[in-house]
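# Examination of the molecular architecture
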Amino acid sequence: FQLYGYCYQDSNDIPDTLTTITELGSPLEMIQLLQTSWEDRFRICLSLVRLLHYLAHSPLGSVTLLDFRPRQFVIVDGELKVTDLDDASIEESSCTSNSDCFMEFPARNFTLPCSVEGRCQSMNEKRNLYNAYRFFFTYLLPHSAPSSLRPLLDKIVNATGNHNKHGNAKYLLFYPSPSANSEFTQKCMKSANTQYRRVPEAFIPDENYRCWPSYHHKGCLLSVFDVNEAIEICDSYSQCKAFVLTNQTTWTGRQLVFFKMASNHIVPDPDKITYVKVTD
């Protein structure tokens, strides 16, 4: 979380007062997040993985967030950031045997190895990872994910939920990102029998219909890799009669496209290309 400034004040009422000035973020609402596109939810999870990696290798040592819940985070420019560090701790639990390294959660428990130095190995990191799994990954990653990526996402979720050999922030950080994954950006398209007429430098301002998930609450605005994917999407909606390619892209580089239910009114627009379904 970006710190813009701080003020130290020693008042009579509250001694040793420290006021911090930080960037403004949006409260984390899980229900709203589940209504956003999978790309945006993956971006949030990716920023969380980066945070987990930093906490595990911070200059102070491995840091755990004892109160690791959604209310401790905010969204800033589409990425997740922690705002409350009151319950952060750098103390790794001491132990004399593995039984001293017992971690208990509502759904399952874990026992970590006790090191020769008498410390529970990676307990801070493992606690953060499992909390990230039960509060974030298990909800945000699988829901409406691209089918080609589901095997990879299952590995990520299992790594955090089961504490297997890949259950640490370093391994998660180096899992392939969908922004560079050819299965996600260049998935195979079935050949379309429908013909479309290309109208360059044109836009359809009206004729909107709603779809889910959409980047626009009053219309159907989705991301595509290319025209073939846009055609496949339009063919899958019975009300879709045209679509408009914009010059806007998502954070993964996919192009945003408006899908329309008619093409009765087309206006000039140098930044857009309209495709109209040809009917017999």
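Look up a bit, the structure's there.
To keep things clear, this report deals only with the structure shown in the data block. Treat the numbers as computed from the prediction; the structure is a model and nothing was measured.

### Regarding the overall build of the protein
When its secondary structure is counted, the protein shows seven helices and 14 strands. The 280 residues of the protein split such that 42% are buried. Contacts spanning at least 24 positions in sequence make up 63% of the contacts within the protein whose residues lie at least 6 apart. In the form shown here, the protein has an accessible surface area of approximately 15900 Å², with 49% of it arising from carbon and sulfur atoms.

### Topic: the pattern of salt bridges
According to the stated counting rule, one finds six salt bridges in the structure shown. Salt-bridge contacts for E39 lead to R254; the nearest nitrogen and oxygen are separated by 3.7 Å. Residue E39 is located in helix α2 (residues 38–56), and its partner R254 is located in the loop between β12 (242–249) and β13 (255–260); the two are separated by 215 residues in the primary sequence. Classification of E39 as buried rests on a relative accessible area of 5%. In this structure, K272 engages D269 in a salt bridge whose closest nitrogen and oxygen atoms are separated by 3.2 Å. Both residues of the pair, K272 and D269, count as buried. Through salt bridges with shared partners, one network takes in E39, E229 and R254.

### What to know about the environment of R69
Relative to the elements of secondary structure, R69 occurs in the loop between β4 (64–65) and β5 (73–76). Take R69: its relative accessible area is 34%, and that puts it in the partly exposed class. Through-space distance from the C-alpha of R69 to that of N131 is 7.7 Å; in sequence the pair is 62 residues apart. Only 2.7 Å separates the side chain of R69 from the side chain of D67, close enough to count as a polar contact.

### Quick word on empty space enclosed by the protein
For the structure shown, the criterion picks out one cavity of 30 Å³ or more. For the largest cavity, the full set of lining residues is L65, L66, D67, F68, Q72, F73, V82, D84, D87 and A88. Looking at the lining of the largest cavity residue by residue, the class counts come to six nonpolar, one polar and three charged.

### Observations regarding the packing of α2 against helix α3 (residues 123–140)
Two elements in contact, α2 and α3, have axes separated by 11 Å at closest approach and are oriented at 175 degrees. Of the possible angle classes, the one that applies to α2 and α3 is roughly antiparallel. Judged by residue contacts, W38, R41, I44, C45, L48, V49, L52, L55 and A56 of α2 engage E125, N128, L129, A132, F136, F137 and L140 from α3.

### Brief notes about the state of the cysteines
Across all of its chains, the model carries four disulfides by this definition. One disulfide bridge connects C211 with C220, the sulfur atoms lying 2.0 Å from each other. One disulfide, between C211 and C220, carries an S-S torsion of 90 degrees and so falls in the right-handed class. Each of the two residues, C211 as well as C220, counts as buried. Sequence-ordered numbering of the bonded cysteines in the protein gives a disulfide pattern of 1-3, 2-4, 5-6, 7-8.

### Details of the nonpolar core
Counting 33 residues, the largest nonpolar core has L48, F68, F73, L80, F136, F137 and L141 as the members making the most contacts within it. For this core, the secondary structure elements donating two or more residues are α1 (30–34), α2, β5, β6 (79–82), α3 and α4 (150–162). Considering each element in turn, this core owes the most residues, ten residues, to α2. Counting 16 residues, the second largest nonpolar core, distinct from the first, contains L222, C234, C240 and L245.

### With respect to the sheet that holds β13
The pairing of strands in a sheet comes from backbone hydrogen bonds and takes either a parallel or an antiparallel form. Ordered in space as β10-β14-β12-β13-β11, the five strands form an open sheet in which the pairing is antiparallel. Lying at the two open borders of the sheet, with one neighbouring strand each, are β10 (196–203) and β11 (220–224). Taken pair by pair, the neighbouring strands of this sheet meet at an average axis angle of 30 degrees, ignoring direction. Strand direction decides the pairing type here: β12 and strand β14 (residues 267–277), joined by four bridges, are antiparallel. Its bridge partner lying in β14, F243 is registered against Y275.

### A word on the packing of α3 against α4
Where α3 contacts α4, the two axes come as close as 7 Å, and the packing angle between them is 130 degrees. On the basis of their axis angle, the class for α3 and α4 is oblique. Crossing hand, α3 versus α4: left-handed. Contact residues: α3 offers L129, Y130, Y133 and F137, while α4 offers V157, T160 and G161. Across the contact of α3 with α4, the residue classes break down as five nonpolar, two polar and no charged.

Quick notes on the rules
Residues numbered from 1 in each chain as written. Predicted model: local features only at pLDDT ≥ 70, side-chain atom pairs only at ≥ 80, totals over all residues. Heavy atoms only, no water. Helix = DSSP H or I, 4+ residues; strand = E, 2+ residues; numbered from the N terminus. Buried < 20%, exposed > 50% of the residue type's maximum accessible area, 1.4 Å probe, protein only. Contact = heavy atoms within 4.5 Å. Areas by Shrake-Rupley, 256 points an atom, 1.4 Å probe, with all protein chains shown as cover. Salt bridge = Lys/Arg side-chain N within 4 Å of Asp/Glu carboxyl O. Polar contact = N/O pair within 3.5 Å; in protein donor to acceptor, adjacent residues only side chain to side chain. 1 Å grid on protein atoms, 1.4 Å probe; cavity = no way out; pocket = protein on both sides within 12 Å on 5 of 7 lines; lining within 4 Å. Points joined across faces, edges and corners; volume = space filled by probe spheres on them. Nonpolar A, V, L, I, M, F, W, Y, C, P; charged D, E, K, R; others polar. Axes fitted to C-alpha atoms, helices over the stretch in contact; angles between N-to-C directions. Parallel < 35°, antiparallel > 145°, perpendicular 65-115°, else oblique. Disulfide = S-S within 2.5 Å. Core = buried A, V, L, I, M, F, W, Y, C linked by side-chain atoms within 4.5 Å. Pairing = 2+ DSSP bridges. Left-handed = near helix turned anticlockwise from the far one by under 90°.

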